[in-house]
Amino acid sequence: MTQHILLMALPALVAIGLLEALFWRRLRGSAYPWGEGFASIGVAIGQAVKRILAGGIVLALFMAVWQVRPWTVPLDTAWGLALLLLAVEFVYYWHHRLHHRVRWFWATHAVHHSPNHLTFLTAVRLGWTSEISGGFLPFLVLPLLGFHPIGVFGALALNLLYQFWIHTETVPRLGWLEYVLNTPSNHRVHHASNERYLDRNFGGVLVVFDRLFGTYAAEAAEEPCRYGLTTPLVSTNPVTIAFHEWRAMLRDARRAQGWRAKARMLFGPPGAPLETR
């Protein structure tokens, strides 16, 4: 269901992104990064094909877990739906944080952080390899806790669709909403590669769990956000974008000496120093 909702929404999201591009110079006072934008569209098309091919396998796995649940949360009630949305947000927070702190997962997620500008089309630049890395695994706890997989996928799709509009530099800070919601300002911090902003603001719709678990940072007027990876990626080839971090990770693991060092290259934090002899 997640893939169906996102696939149906993709043409509209791309159209909004291209509309932003047409008004970019008026809004931002600079030329739009067309190469980067079209690369994001190419990555999004590849991601959509992957969803079609792999979505059934993931659904089957979630349904298998659902069969052994100890209880059922009724999603035809207001409290059940509210609990589902909050549970999806909670798991998304830890899923997202994991993807920044473990290089094996970062190899997929780095694709989303690779644009050197923050535009609406950044939102559709998503990795192709989440089924390989196992990025869906944290969400398996939800059907085990009694949430029907279709409800989980639907709530996750809504969570991801919400995040489309926060990929922008145009919207300013939004007052008290900054304390609760993942706003454009809060998400600019998340996409920034400045040292003070790294690994901050992991929430999807909310920043409540960031505040609770100490990963929140506000956008600072004295330090504008610098976007992209800490080592900028300049390629506009969708295949290169999708696999560049996998290539780098496997290269580093191959060069590392000893199994402990190799494991650190695969499952340690991104940017861990390479240990060779």
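This section reports on the structure supplied with the text. (Residues numbered from 1 in each chain as written. Predicted model: local features only at pLDDT ≥ 70, side-chain atom pairs only at ≥ 80, totals over all residues. Heavy atoms only, no water.)

### Digging into the overall build of the chain
Part 1 of the reasoning: Counting its regular elements, the chain contains 12 helices and 0 strands.
Part 2 of the reasoning: Counting helices and strands in the order they occur from the N terminus, the chain gives α-α-α-α-α-α-α-α-α-α-α-α.
Part 3 of the reasoning: The C-alpha atoms of the chain give 19 Å as radius of gyration, which agrees with the globular expectation for 277 residues (19 Å, within 12%).
Part 4 of the reasoning: Projected onto the principal axes, the alpha-carbon positions of the chain cover approximately 55 × 50 × 35 Å.
Part 5 of the reasoning: Expressed as a percentage of its 277 residues, the buried residues of the chain come to 51%. (Helix = DSSP H or I, 4+ residues; strand = E, 2+ residues; numbered from the N terminus. Rg over C-alpha atoms; globule rule 2.2 N^0.38 Å. Buried < 20%, exposed > 50% of the residue type's maximum accessible area, 1.4 Å probe, protein only.)

### Brief notes about the packing of aromatic side chains
Part 1 of the reasoning: Enumeration according to the criterion identifies 17 aromatic pairs in this entry.
Part 2 of the reasoning: Their ring planes at 20° and their centres at 6.4 Å tell us that phenylalanine 209 and phenylalanine 213 sit as a pair that is stacked. Taken together, the positions of phenylalanine 209 and phenylalanine 213, both in helix H10 (residues 208-213) and 4 residues apart, correspond to about one turn of that helix.
Part 3 of the reasoning: Through a chain of ring-to-ring contacts, three or more aromatic side chains come together here, namely Phe90, Tyr93, Trp94, Phe202, Phe209 and Phe213.
Part 4 of the reasoning: Arginine 69 extends its terminal NZ or CZ atom over the ring of tryptophan 66, reaching a point 3.6 Å from the ring centre.
Part 5 of the reasoning: Its guanidinium or amino end placed over the ring of tyrosine 216, arginine 211 lies 3.9 Å from that ring's centre, counting from NZ or CZ. (Phe/Tyr/Trp six-rings, centres within 6.5 Å; stacked < 30°, edge-to-face > 60°. Lys NZ or Arg CZ within 6 Å of the ring centre and 35° of its normal.)

### Brief notes about unusual backbone geometry
Part 1 of the reasoning: One non-glycine residue, aspartate 199, lies in the positive phi region at around 60°.
Part 2 of the reasoning: Looking at the secondary structure, you find aspartate 199 in the loop between helix H9 (184-191) and H10.
Part 3 of the reasoning: Residue class for aspartate 199 comes out partly exposed when judged on its relative accessible area of 25%.
Part 4 of the reasoning: Here the phi dihedral of asparagine 201 falls at roughly 60°; this positive angle occurs in a residue that is not glycine.
Part 5 of the reasoning: You can see asparagine 201 is positioned in the loop between H9 and H10.

### Regarding helix H4 (residues 78-101)
Part 1 of the reasoning: An ideal rise of 1.5 Å per residue puts 34 Å on 24 residues; H4 measures up with 35 Å between its terminal C-alpha atoms.
Part 2 of the reasoning: Taken as a whole, H4 has its buried residues at Gly80, Leu84, Ala87, Val88, Glu89, Val91, Tyr92, Tyr93, His95, His96, His99 and His100. (Expected span 1.5 Å × (residues − 1).)

### Points about helix H5 (residues 103-113)
Part 1 of the reasoning: Judged by how many residues are buried, H5 sits mostly within the fold: 10 of 11 residues are covered.
Part 2 of the reasoning: Within H5, the full set of buried residues consists of Arg103, Phe105, Trp106, Ala107, Thr108, His109, Ala110, Val111, His112 and His113.
Part 3 of the reasoning: If you follow the buried residues of H5, they end up packed against helix H3 (34-66), H4, helix H6 (130-133), H9, helix H11 (238-255) and helix H12 (259-267). (Contact = heavy atoms within 4.5 Å.)

### As for the packing of H4 against H5
Part 1 of the reasoning: Two elements in contact, H4 and H5, have axes whose closest approach is 6 Å; the angle formed by their N-to-C orientations is 100°. In terms of their interaxial angle, H4 and H5 are classed as roughly perpendicular. Together, His96, Leu98, His99, His100 and Arg101 of H4 and Arg103, Phe105, Trp106, His109 and His113 of H5 make up the contact between the two elements.
Part 2 of the reasoning: Its residues placed into classes, the contact of H4 with H5 shows 3 nonpolar, 5 polar and 2 charged. (Axes fitted to C-alpha atoms, helices over the stretch in contact; angles between N-to-C directions. Parallel < 35°, antiparallel > 145°, perpendicular 65-115°, else oblique. Nonpolar A, V, L, I, M, F, W, Y, C, P; charged D, E, K, R; others polar.)

### Some words on the pattern of salt bridges
Part 1 of the reasoning: One pass over the full model with this rule turns up 9 salt bridges.
Part 2 of the reasoning: A salt bridge links arginine 103 to aspartate 252; the nearest nitrogen and oxygen atoms lie 3.0 Å apart. A residue pair is termed long-range when its members are at least 10 positions apart, and arginine 103 in helix H5 and aspartate 252 in helix H11 qualify at 149 residues.
Part 3 of the reasoning: A salt bridge links arginine 196 to glutamate 222; its shortest N-O distance comes to 3.5 Å. Here arginine 196 is found in the loop between H9 and H10, whereas its partner glutamate 222 is found in the loop between H10 and H11, with 26 residues between them in sequence.
Part 4 of the reasoning: In this structure arginine 196 comes out as partly exposed when scored by relative accessible area, which is 40%.
Part 5 of the reasoning: By relative accessible area, which is 62% here, glutamate 222 ends up exposed.
Part 6 of the reasoning: Among the charged side chains, a network of salt bridges with common partners joins Arg103, Glu245, Arg251 and Asp252. (Salt bridge = Lys/Arg side-chain N within 4 Å of Asp/Glu carboxyl O.)

### With respect to the nonpolar core
Note that soluble globular proteins tend to have their nonpolar side chains buried in a common cluster.
Part 1 of the reasoning: Among the nonpolar cores identified, the biggest contains 18 residues, and Phe62, Leu84, Val88, Phe139, Leu142 and Phe147 are the most heavily contacted of them.
Part 2 of the reasoning: By residue number, the principal contributor to this core is H4, which donates 5 residues.
Part 3 of the reasoning: Ala9, Val14, Trp24 and Leu121 belong to the second-largest nonpolar core, a separate cluster that totals 15 residues. (Core = buried A, V, L, I, M, F, W, Y, C linked by side-chain atoms within 4.5 Å.)

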